[in-house]
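Now for the letters of each chain:
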Amino acid sequence: VLAPRGREGGGCDEDPQNGGVFGPQMNCDEEQVPKSEPGPGVFECSLCGLRAPCNYYGQKPPNARSIVLLEKCYTMNDPFVSQKDRFLIIGSYCSLCNKIVCVGQECSLFYTKRFCIPCAKKYIEQFPEEIQLDLRKKKHQQNPQSSS
């Protein structure tokens, strides 16, 4: 299982009022996960437990020609095609709490940076209205009101 990677600068001890979750300063009382540089191995989402073999972490997957990803992320070779230049993005780290999360809709979202759903919900007001609506829909889908 992969260990989280190291973090340079910033951190969860800064004020969201001075730059918000999209700027260099952030605040998060979620458990900040210590990080170390990852390597090939088995990816495991800290929220849903998804486990998948991964062979690369970074922004320039091997054999992917001129593709540069918008975030450092875990990838694996696409098992459904024979071409070596095809890959699947499995997950990355939440930019606030540093938890490793898969790209599944229930676990994370990417909006300028990767956010786990718990951090996104915590800072929902700092996202654009369209993202806020999507997050609120997820909240209602996960917590349906029971009728007695």
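What you see as residue numbers is a count from 1 along each chain, following the sequence as written. Local features are withheld for residues below a pLDDT of 70 in this predicted model, meaning they are given only at 70 or higher, and side-chain atom pairs are given and counted only at 80 or more; totals for whole chains, interfaces and linings count all residues. Working from all heavy atoms in the structure, the side-chain values ignore hydrogens and water.

**Observations regarding the packing of aromatic side chains**
Here is step 1: A pair of Phe, Tyr and Trp rings is counted when the ring centres sit within 6.5 Å of each other, with Trp represented by its six-membered ring. The angle between the planes then sorts it: under 30 degrees is stacked, over 60 is edge-to-face, the rest tilted. Taken as a whole and assessed by the stated rule, the structure comprises 6 aromatic pairs.
Here is step 2: Here a set of aromatic residues connected by ring pairs shows up, and it is made of Phe43, Tyr57, Tyr74 and Tyr93.

**A look at the pairing of strand β5 (residues 87-93)**
Here is step 1: Buried, partly exposed and exposed residues are distinguished by accessible area as a fraction of the type maximum, computed with a 1.4 Å probe on protein chains only: under 20%, between the cut-offs, and over 50%, respectively. For the purposes of this entry, the term helix denotes a DSSP run of H or I that reaches at least four residues, the term strand denotes a run of E that reaches at least two, and both are numbered from the N terminus. Burial runs high along β5: 5 of the 7 residues are buried.
Here is step 2: Relative to β5, strand β4 (residues 73-77) is paired through 4 bridges, and the arrangement is antiparallel. Looking at the pairing, methionine 76 lines up with leucine 88 of β5.
Here is step 3: Sheet topology places β5 next to strand β6 (residues 100-102); 3 bridges connect them, and they run antiparallel. Residue pairing across strands places tyrosine 93 opposite isoleucine 100, the latter belonging to β6.
Here is step 4: Between the antiparallel neighbours β5 and β6 lie 6 residues, among them asparagine 98 with a positive phi of about 70°. Pairing between two strands is assigned when DSSP locates at least 2 bridges connecting them.

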